[in-house]
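Here are the chains, one letter per residue:
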Amino acid sequence: MDVSTYVHMVLSSFLLILGYCYVSGGFRTVTGICFLGIIYTFPSLLLKIFPLTESHISNLRPLFDHPFSSYLTAAKAMALEYLGFETLLMYYPFLKTPEKAIKWAHFGNLFSILIYLLTAITTFLYYNEEELARTIWATLTLWKIVDFPFMERFEYAGIALWLFAVLPNICLALWATSRGMKQLFHFNQRYSLICIIIAAAFACSFIEGRPNIDWLNTITSTAGFYTVYFYIPALFVVQWIIYKVRKKKS
Amino acid sequence: MRNKWITFLAFLVCLSGCTAEPKIIEDLQLVQAIGYDDAGKHRVKATVASTITPKNQEQAMPKNVTFTAESFTSQNVLHVLQSESPRPLAVGRVGVALFSEKLAKRGILQFIDGLQRNADIGRDIPLAVVKGEAKEMLELQTPVNQIPAKYILDLIEQNQKENIPNSDLHSFLYHLYGKGLDPFMPLLELKDGLIKIKGIALFSNGKYVDDINYEEAFIFKLLFENFKKGSFEARIGKNKYINIENISSKVNYHVINGNTNPKVTITVKLMGLINESEGISLNVKKKESVEERTRKLINGKAKKLLRRFQHERIDPLGIADQARSQTRNFNFAAWEKRYPTIPIDFKLDINLVEAGIVEEKK
């Protein structure tokens, strides 16, 4: 069996098995890997120093040279990057002191916004518009300028490090999905988890090449956008009305 | 417990499939430099320079070896080269890419594209145009007993700190794709068994169209970026020359009416140090006159350079990009049409602060 043909399947099943190990350990283990994911990947932010030495300040000007609608389109396209916070609705009952956690949840969101802002500004300073439009993985290509005396091609190490950015997301999503199935259908969480993993591995086997990944990203982004901005608020309104009606009856 | 063992076994099965072909660094032929030459009829001749360490010798110096092959595309040529090398060629450590003058005039977009698509090649590698053949340069026995690839890399890096503008693969791509910018790279020459920087090769759409010499490169650098080194010779009278070392130079572009009636003002603030001025007393009054003469000299050269770029319709300094950043809804097409006739003013604010460790007798 030639590895390169099936490499994405090998990689996805490897990640999913790893995901199973973490999720089957319970929610505590999932929070553990999420925490470690932050700790391990945080130093990679320092690598932005390398591209910043070749930055062009004039790329940022003139400020606000686009119509307002362009900003909205951009914000919609960013939906994929912000997805994931809605899993809070699943693990909220697991928090020990939810009142105290509110502050930290907001700080957490602010922190990811700041990281995105820093990444965006670094990227705009380093590439110009036309060059960026031709780049698929902008941050990964940023790392191609990283120059360490002991490491010639840093980006390969960076990709390995990126596993720790991806793994917590996989674990948290797997946990939330299996938990949701348990609550909805009263399935055993372990069995539903195995079903989800098999389904995910099966789905991954269909992904081939860049256009497919792009398509997947767009679909996830659009679905996520409507879930976050329409479905969840709608649920909130419906729930509010139901509670009002029930109160009146009683 | 049983579950754990099952997972463990599953890992073993999966991981055994993950053994991609291992690469052992001692067994690779690490390519240090690639040179591209024109081979006629749309063909390219590539030369890769690598090193081998002679075995069974104590304190053996790495020896330069080159492989040469011809093909139509820059990436296929790497595979053709493999047919000459008993060890696998690895391009992950390529330090510099050279293009022969003839090939650069034909256009190098295809080879640049090959370099940027190859994930193994970094974006911080310098590129250079070579007068004559790149192959010849990579086969050179350098006087300092260093392999040519390393020699060229050091040469370019050192000079980019001083008299020639910074450029590497990334900045070439930046200038190539960016609107209102044209790329450039250092121009090398092989002379009397020495590799030497001749100046800068200027490109228009991936074709080498013009070059400027080493002295003009300093003026170019003044106009292009802020830097802290380099030196300049000024004639301040009949058979009287002084040398001015740059301590700090800052450039600023100011564009007004970018879309309607553009006017560009380039201001350079130069802090210099006079390090050779035999026979010229440098009192306060004299210092001012020296500054004035230097200003005039640099002014003239810079304006000549700018007019030349306008005449040739190339913009390696990225004046249009500066105009874009200072104009709302900038119109590139209108600018390009107007470019040769746009008035570009150059102002030099020179301040000579020191005159070395000796003093004139008062």
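Scroll up for the structure.
Participant: I'd like a rundown of the overall build of chain A, residues and numbers included.
Facilitator: The secondary structure content of chain A amounts to 12 helices and 0 strands. Secondary structure elements of chain A occur, N-terminal to C-terminal, as α-α-α-α-α-α-α-α-α-α-α-α. The principal-axis extent of the C-alpha atoms belonging to chain A is close to 70 × 55 × 35 Å. Within the span of chain A, comprising 250 residues, buried residues form 27% of the whole. Across chain A, every contact between residues at least 6 apart in sequence was considered, and the portion connecting residues at least 24 apart equals 69%. The averaged location of the 14 negative side-chain charges in chain A is 24 Å from the averaged location of its 19 positive side-chain charges.

Participant: I'd like a rundown of the nonpolar core, residues and numbers included.
Facilitator: All names here are of chain B. Membership of the largest hydrophobic core comes to 65 residues, with the highest contact counts inside it found for L98, L188, L223 and W335. With near-sequence residues (within four places) excluded, L223 lies in contact with V251, Y253, I266, A302, L305, L306, L317 and F346. Counting 37 residues, the second largest nonpolar core, distinct from the first, contains V31, V77, L78 and V94.

Participant: For unusual backbone geometry, give the residues involved together with the corresponding values.
Facilitator: Residue and element names in this part refer to chain A. With an omega of -5°, the peptide bond running from R61 to P62 counts as cis. Among the secondary structure elements, P62 is positioned in the loop between α3 (49–52) and α4 (68–77). Phi at F64 is positive, roughly 50°, even though this residue is not glycine. Its location among the elements puts F64 in the loop between α3 and α4.

Participant: Outline the interface of chain A and chain B, listing residues and values.
Facilitator: The interface is formed by 32 residues belonging to chain A together with 34 residues belonging to chain B. When chain A packs against chain B, close to 2800 Å² is buried across both sides, 52% of that on carbon and sulfur atoms. We note a salt bridge from B:R328 to A:D65, for which the minimum N-O separation is 3.8 Å. Linking chain A to chain B there are 14 residue pairs in polar contact (both at pLDDT 80 or more). For the side of chain A that touches chain B, the leading source of residues is helix α1 (residues 3–24) of chain A, giving 7 residues. Of the residues assigned to the side of chain A that touches chain B, the class counts are 14 nonpolar, 6 polar and 12 charged.

Participant: Describe in detail the pattern of salt bridges, supporting the description with residues and values.
Facilitator: Pairing is possible between side chains of opposite charge, provided their charged atoms come close. Taken as a whole and assessed by the stated rule, the structure comprises 20 salt bridges over all chains. Salt-bridge contacts for A:D214 lead to A:R210; the nearest nitrogen and oxygen are separated by 3.1 Å. You can see A:D214 and its partner A:R210 sitting in helix α12 (residues 209–249), 4 residues apart, about one turn around the helix. Take A:D214: its relative accessible area is 37%, and that puts it in the partly exposed class. With relative accessibility at 32%, the residue A:R210 sits in the partly exposed group. The residue B:E139 makes a salt bridge to B:K135 at a minimum N-O spacing of 3.2 Å. Residue classification places B:E139 among the partly exposed positions, given a relative accessible area of 38%. Through salt bridges with shared partners, a single ionic network connects A:K144, A:R153 and A:E155.

Participant: For the packing of helix α4 (residues 109–117) of chain B against helix α7 (residues 169–177) of chain B, give the residues involved together with the corresponding values.
Facilitator: All names here are of chain B. Close contact between α4 and α7 brings their axes to 11 Å; oriented N to C, the two are set at 125°. Classified by the angle between their axes, α4 and α7 sit oblique to one another. Judged by the sense of rotation from one axis to the other, the crossing of α4 with α7 is left-handed. Packed against α4, whose contacting residues are L109, I112, D113, L115 and Q116, the element α7 presents L169, F172, L173, L176 and Y177 at the interface. Among the residues making up the contact of α4 with α7, the classes are represented as 8 nonpolar, 1 polar and 1 charged.

Participant: How would you summarise the pairing of strand β7 (residues 184–191) of chain B if you had to cite specific residues and measurements?
Facilitator: Residue and element names in this part refer to chain B. In terms of burial, β7 is a largely internal element, 6 of the 8 residues being buried. Two elements, strand β6 (residues 127–130) and β7, share 2 bridges in a ladder whose sense is parallel. Looking at β7, one finds that V130 is bridged to L188. As paired elements, β7 and strand β8 (residues 194–204) share 8 bridges and run antiparallel to each other. Residue pairing across strands places L188 opposite I197, the latter belonging to β8. Between β7 and β8, which pair antiparallel in sequence order, lie 2 residues; one of them, D192, sits at a positive phi of approximately 50°.

Cut-offs applied
Residues numbered from 1 in each chain as written. Chains lettered and ligands numbered in written order. Predicted model: local features only at pLDDT ≥ 70, side-chain atom pairs only at ≥ 80, totals over all residues. Heavy atoms only, no water. Helix = DSSP H or I, 4+ residues; strand = E, 2+ residues; numbered from the N terminus. Buried < 20%, exposed > 50% of the residue type's maximum accessible area, 1.4 Å probe, protein only. Contact = heavy atoms within 4.5 Å. Lys, Arg positive; Asp, Glu negative; His and termini not counted. Charge placed at Lys NZ, Arg CZ, Asp CG, Glu CD. Core = buried A, V, L, I, M, F, W, Y, C linked by side-chain atoms within 4.5 Å. Buried area = accessible area lost by both parts, 1.4 Å probe. Salt bridge = Lys/Arg side-chain N within 4 Å of Asp/Glu carboxyl O. Polar contact = N/O pair within 3.5 Å; in protein donor to acceptor, adjacent residues only side chain to side chain. Nonpolar A, V, L, I, M, F, W, Y, C, P; charged D, E, K, R; others polar. Axes fitted to C-alpha atoms, helices over the stretch in contact; angles between N-to-C directions. Parallel < 35°, antiparallel > 145°, perpendicular 65-115°, else oblique. Left-handed = near helix turned anticlockwise from the far one by under 90°. Pairing = 2+ DSSP bridges.

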